[in-house]
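Okay, here's what each chain looks like letter by letter:
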Amino acid sequence: MRNELYIDGQWVKPVKGGTCDVINPATEELIQTISAATAEDVDIAVKAARRAFDRDGWPKLTGAQRAKYLRAIADGIRARQSEIAKLEVLDNGKPFPEADWDIADAAGCFDFYAGLAEELDKNAEEVIALADDRFTSKAVKEPIGVAGAIIPWNYPLLMAAWKVAPALAAGCTVVLKPAEQTSLTALELAAVADEIGLPAGVLNIVTGAGLVAGQAIVDHKGVDKLAFTGSGPVGSKIMAAAARDIKRVSLELGGKSPFVVFDDVDIEQAVEWIMFGIFWNQGQVCSATSRVLVHEAIYEALLARLIEETEKITIGNGMDDGVLLGPLVSKRQHEQVVAAIEGASKAGAIVACGGTRPEGFDKGYYLRPTILTDVPLDSDAWVEEIFGPVVCVKPFKTEEEAIDLANDSRFGLAAAVMSKDDIRAERVAAAFRAGIVWINCSQPTFTEAPWGGYKESGIGRELGRWGLENYLETKQITKYVTDKPWGWYIK
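The rules behind these values
Residues numbered from 1 in each chain as written. Predicted model: local features only at pLDDT ≥ 70, side-chain atom pairs only at ≥ 80, totals over all residues. Heavy atoms only, no water. Phe/Tyr/Trp six-rings, centres within 6.5 Å; stacked < 30°, edge-to-face > 60°. Helix = DSSP H or I, 4+ residues; strand = E, 2+ residues; numbered from the N terminus. Buried < 20%, exposed > 50% of the residue type's maximum accessible area, 1.4 Å probe, protein only. Contact = heavy atoms within 4.5 Å.

(A) Examining the packing of aromatic side chains more closely. Within this structure, the stated rule accounts for 14 aromatic pairs. Both rings, one in Trp-101 and one in Trp-280, keep their centres 5.3 Å apart while their planes meet at 80 degrees; by these two values the pair is edge-to-face. Placement of Trp-101 in helix α4 (residues 96-123) and of Trp-280 in the loop between α9 (267-279) and β13 (291-295) is noted, with a sequence separation of 179 residues between them. With a relative accessible area of 46%, Trp-101 lands in the partly exposed category. Judged by centre distance (4.5 Å) and plane angle (50 degrees), the rings of Phe-361 and Tyr-366 are tilted.

Okay, structure coming up:
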């Protein structure tokens, strides 16, 4: 496992020699000590990225040339997929099958943007029809410049891919700061980039604390674009800081996503999708459908089955066979989720199941999957993102009530609806104020489709062609094409 910074195509120690610990959330044991970058290290990384963009010619390569590097990175990830997935289990805690799936998706993301890089060679210019035939005009897509990317700990390598792949495809250079809790796979990405000969300075990876290394990226005047995934409060600070230099910003922030279930559904299918929507990745998912609204006609029956199946979920170390729910990522996260459950109970909610440490797990940041009922609508449990395996379940009477409850949130990342009535499902989907809507499912995510939210859930879209556009500027080029003088000053 690498533990140095990757700057300008080299593995280097931090200028001031700082380190931070990486803890295994399943055992609370030290995995490794990694480098902690400071503002000085970030400055070196940004200058390397700046040189690679301004002088060394990365943006001047054709899209097809950049695509070769992207596909080589994808192949490099696949060549060590199992090894990288194990590292993700080690510092994140998620079950190995989930981690393996994530790493495969990360490789696929690089392949996808390789294809879009090639398409840029064909569609980077658009001819504009003008009313005045003395001029021609065209719109040209060009890379923004140096991108500073700051990613969270819930999908470590996949979130890196969501930002690095489209940025490189567009012709940008990147300084990436992974979460300090889960930096191991980002360092493996650097190793892959190094092995395939990605030009020096094109991708730089600095590990360390968000308040130090992350802040230095945000504040650096050599950074043209900031891409952040994480909490709303941090996103707000990044947006305010970016305003000083009018940096381009894309933010993918939190959510408190609703899941509306009508009374014509198959209850067993609904229970499965509800569980997947909140317990996948230990509920540490920004789009998790954590507010479940169930029609009153099936509320009691569905709740009983949901409790029954939730209590069957196998909890344990992510490397153990059959485990569906691993530990939360850190001691701090565990404490915050437990505090949220205790706060919900004090506010009047009923803990229908879970809410405590599972028996036999004295070590590790484990928590039984939790179902809350009778949750007051003004309580933090209903309003705030808990970011853990905690779901609030509430009955509704009418479609209008369900839509009102679903949309009554400052967030708008995702929403889901289940019904056998396609017309009703489409109608409710259209009524949701959310950037991602699922019908008869929850959480499927595809590289080809846009990802992002309304309201306080963020700005901009990742994935698909929208993700590429995050890293492109539009330039107008207009040309005077006649030999006749313009003559504005001629009498």
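(B) Spotlight on the environment of Ser-82. By secondary structure assignment, the location of Ser-82 is in helix α3 (residues 81-92). The class of Ser-82 is partly exposed, set by a relative accessible area of 36%. Beyond its immediate sequence surroundings of up to four residues, Ser-82 is in contact with Phe-96 and Asp-100.

(C) Molecular detail of unusual backbone geometry. Even without being a glycine, Asn-281 presents a positive backbone phi close to 60 degrees. Along the polypeptide, Asn-281 turns up in the loop between α9 and β13. On the basis of relative accessibility, which here comes to 0%, the residue Asn-281 falls in the buried class. Of note in this structure, Gln-443 is not a glycine but carries a positive phi near 85 degrees. One can find Gln-443 in the loop between β19 (436-439) and β20 (454-455).

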